[in-house]
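Structure at a glance
The lines below spell out each chain.
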Amino acid sequence: MKKQEIGTVCVQGGYTPGNGEPRQVPIIQSTTFKYNTSEDMGKLFDLEASGYFYSRLQNPTCDTVAAKICALEGGTAAMLTSSGQAANFFAIFNIASAGDHVVASAAIYGGTFNLFNVTMRRMGIDFTFIAPDATEEEIEAAFKPNTKALFGETIANPALRVLDVERFAKVAHKNGVPLIIDNTFPTPVLCRPFEWGADIVTHSTTKYLDGHGSAVGGCIVDSGKFDWTKYPEKFPGLCTPDESYHGVTYTERFGLAGAFITKATAQLMRDFGCTQSPQSAFILNLGIESVHLRMRAHSDNAMAVAQFLKNHDKIAWVKYAGLEDDEDYALAQKYLPNGCCGVVSFGVKGGRSAAESVMKQLKLIAIETHVADARSCCLHPANATHRQMSEEELIAAGVPSDLIRLSCGIEDAKDLIADLAQALETL
Ligand SMILES: *Cc1c(COP(=O)(O)O)cnc(C)c1O
């Protein structure tokens, strides 16, 4: 069959019921699976046969939904995780361990920054953070002989910088490492980083993919394009025998298409257990069925709100890559031609304290840590998600202390603008 359009994959991808089977993805709410003989089960444990045995490692409902996201991104293999944090941790830890180094854009989600800069450093993995708009030379200069990956976000949360994915991919490949892209904000509806050279994509499915603020989750997708076997000394975990699996070599047994995800499932999921529940995967799938419609509505609303704020005399600045005079407009035209998602950030004249008082006056737009769902919400990152950062780190991450992150939902834009107008009036 001809390759399907993205909207069709959102609705029907990953699951094709047989004759008389349920039309909706079944929730296989079972931790365990029955076998007739111990030999049958032994083959599964040795990765010699594929099948389910324990839902910490794999579950049919989760696999079905992972297959849909895999198809949307154009990858070869994918897995769900318990959260976006787990997805980014696994994506890096699958190929980097103590003594290794990773280069990452400084404009990333606060939770990811903390994971890298504090927790993973404690595990012995070193990170160098670079500007999201670093030149090829600047990216290159951050590399070391022990660098194992380059990491960035397509649209940074909450800095909203758009990453030049092609440029990052070029430098990563020149240095023999994969480019890992967190594609949470655009979703594969607005951007598919594999088309621009990225090798691994991660998601916090908690955001637009679920889209209703109902289920925390994550996903990792492999493009199958990065050739680990060209650098066996650099990626021994993928290219040499795994003693915890009777000496299986992932690249040999599962090929480039399956090695990365199989290793992350067989080792990391086995040992850390960051699984998504089948119930959550079911809810996530319901969300994905409409994400192609919602991303357009979110982007249209954000554009209307950004233009309103831009022209308001109490607003100091607005950041939305869809605005023609935005520093990332050209990148957005290239990577995000169908919309820049629903998140707009802005600063109110009067700084930090003015930001606080405006937010208090909002009626429809709620103050939430959350972002990227059907209901509009806002957050003051310097006081919440990014409060562990110093002033200098906030500036480097593109999150000045007066920044308000506004996540435009799919309500009517007129009502969002009216709510902002009345709140600004009180200043
Ligand atoms: C929210 C978010 C994460 C973390 O995801 P959780 O599902 O909250 O663990 C990672 N990356 C980005 C870009 C995010 O917005």
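Residues numbered from 1 in each chain as written. Predicted model: local features only at pLDDT ≥ 70, side-chain atom pairs only at ≥ 80, totals over all residues. Heavy atoms only, no water.

Some points on the side chain of Thr 147
Relative to the elements of secondary structure, Thr 147 occurs in strand E4 (residues 147-153). The class for Thr 147 is buried, based on a relative accessible area of 2%. In this structure the side chain of Thr 147 is engaged in a polar contact, spanning 2.7 Å, whose partner is the side chain of His 101. At 2.7 Å, the side chain of Thr 147 and the backbone nitrogen of Lys 144 are in polar contact. Dropping the residues within four chain positions of it, Thr 147 is found in contact with His 101, Val 102, Val 103, Val 177 and Lys 234. (Helix = DSSP H or I, 4+ residues; strand = E, 2+ residues; numbered from the N terminus. Buried < 20%, exposed > 50% of the residue type's maximum accessible area, 1.4 Å probe, protein only. Polar contact = N/O pair within 3.5 Å; in protein donor to acceptor, adjacent residues only side chain to side chain. Contact = heavy atoms within 4.5 Å.)

Notes on the side chain of Asn 183
With respect to the secondary-structure elements, Asn 183 resides in the loop between strand E5 (179-182) and helix H8 (187-190). For Asn 183, a relative accessible area of 0% gives the class buried. Those residues in contact with Asn 183, other than ones at most four positions away along the chain, are Glu 73, Thr 154, Pro 188, Cys 191, Pro 193, Val 201, Thr 202 and His 203.

Thoughts on the packing of aromatic side chains
Throughout the structure, instances matching the rule amount to 19 aromatic pairs. Judged by centre distance (6.0 Å) and plane angle (80°), the ring pair of Phe 93 and Phe 272 falls under edge-to-face. Residue Phe 93 is located in helix H4 (residues 84-93), and its partner Phe 272 is located in helix H10 (residues 250-272); the two are separated by 179 residues in the primary sequence. Classification of Phe 93 by relative accessible area gives partly exposed; the value is 22%. (Phe/Tyr/Trp six-rings, centres within 6.5 Å; stacked < 30°, edge-to-face > 60°.)

Let's talk about the site of the ligand
Around the ligand lies a shell of 15 residues, among which Asn 157, Asp 182, Ser 204, Thr 206 and Lys 207 are the nearest. A distance of 2.9 Å separates an oxygen atom of the ligand from a polar atom in the backbone of Gly 84. Expressed as a share of its isolated accessible area of 380 Å², the protein-covered part of the ligand is 93%. Residue composition of the shell around the ligand, grouped by class: 2 nonpolar, 10 polar and 3 charged. (Near = heavy atom within 4 Å. Areas by Shrake-Rupley, 256 points an atom, 1.4 Å probe, with all protein chains shown as cover. Nonpolar A, V, L, I, M, F, W, Y, C, P; charged D, E, K, R; others polar.)

Focus: the domain arrangement of the protein
Entries for the protein in the domain assignment read domain 1 (9-285) and domain 2 (292-425). Just the C-alpha atoms count here: the centres of domain 1 and domain 2 sit 29 Å apart. Of the residues lining the interface, 37 residues belong to domain 1; the matching set on domain 2 comes to 40 residues. Here domain 1 packs against domain 2, burying approximately 3,100 Å² in sum over the two surfaces, 64% of which is carbon and sulfur. Linking domain 1 to domain 2 there are 3 salt bridges. The salt bridge partner of Glu 166 is Lys 334, with a shortest N-O separation of 2.5 Å. Run the count over domain 1 and domain 2 and you get 13 residue pairs in polar contact (both at pLDDT 80 or more). (Domains from an automatic or database assignment. Buried area = accessible area lost by both parts, 1.4 Å probe. Salt bridge = Lys/Arg side-chain N within 4 Å of Asp/Glu carboxyl O.)

Some words on the pairing of strand E1 (residues 77-81)
With 5 of 5 residues buried, E1 lies mostly within the body of the structure. Side chains Ala 77, Met 79 and Thr 81 project from E1 onto one buried face, and the interleaved Ala 78 and Leu 80 project onto a second face that is buried too. In the sheet, E1 pairs with strand E7 (residues 218-222) via 5 bridges, with the strands oriented antiparallel. Across the sheet, residue Met 79 finds its bridge partner in E7, namely Ile 220. (Pairing = 2+ DSSP bridges.)

Quick notes on the pattern of salt bridges
Enumeration over the complete set of coordinates arrives at 17 salt bridges. For the salt bridge of Lys 148 with Asp 100, the shortest nitrogen-to-oxygen distance reads 3.0 Å. Taken together, the residues Lys 148 in strand E4 and Asp 100 in the loop between H4 and strand E2 (101-105) connect sequence positions 48 residues apart. Residue Asp 100 is classed as buried on the basis of its relative accessible area of 11%.

With respect to the sheet that holds strand E12 (residues 403-407)
The strand order E8-E9-E12-E11-E10 describes an open sheet built from 5 strands, whose pairing is mixed. The open sheet is flanked by strand E8 (315-319) and strand E10 (366-367), the only strands paired with a single partner. Bridge count for strand E11 (residues 377-379) against E12 is 3 bridges, and the pairing is antiparallel. Paired with Cys 378 across the two strands is Leu 406, which belongs to E12. On the sheet, helix H12 (residues 291-310) packs against E8, strand E9 (343-348) and E12 and is oriented at approximately 15° with respect to E9. Across the sheet, helix H14 (residues 351-361) is in contact with E9, E10, E11 and E12; its angle to E9 comes to roughly 120°. (Axes fitted to C-alpha atoms, helices over the stretch in contact; angles between N-to-C directions.)

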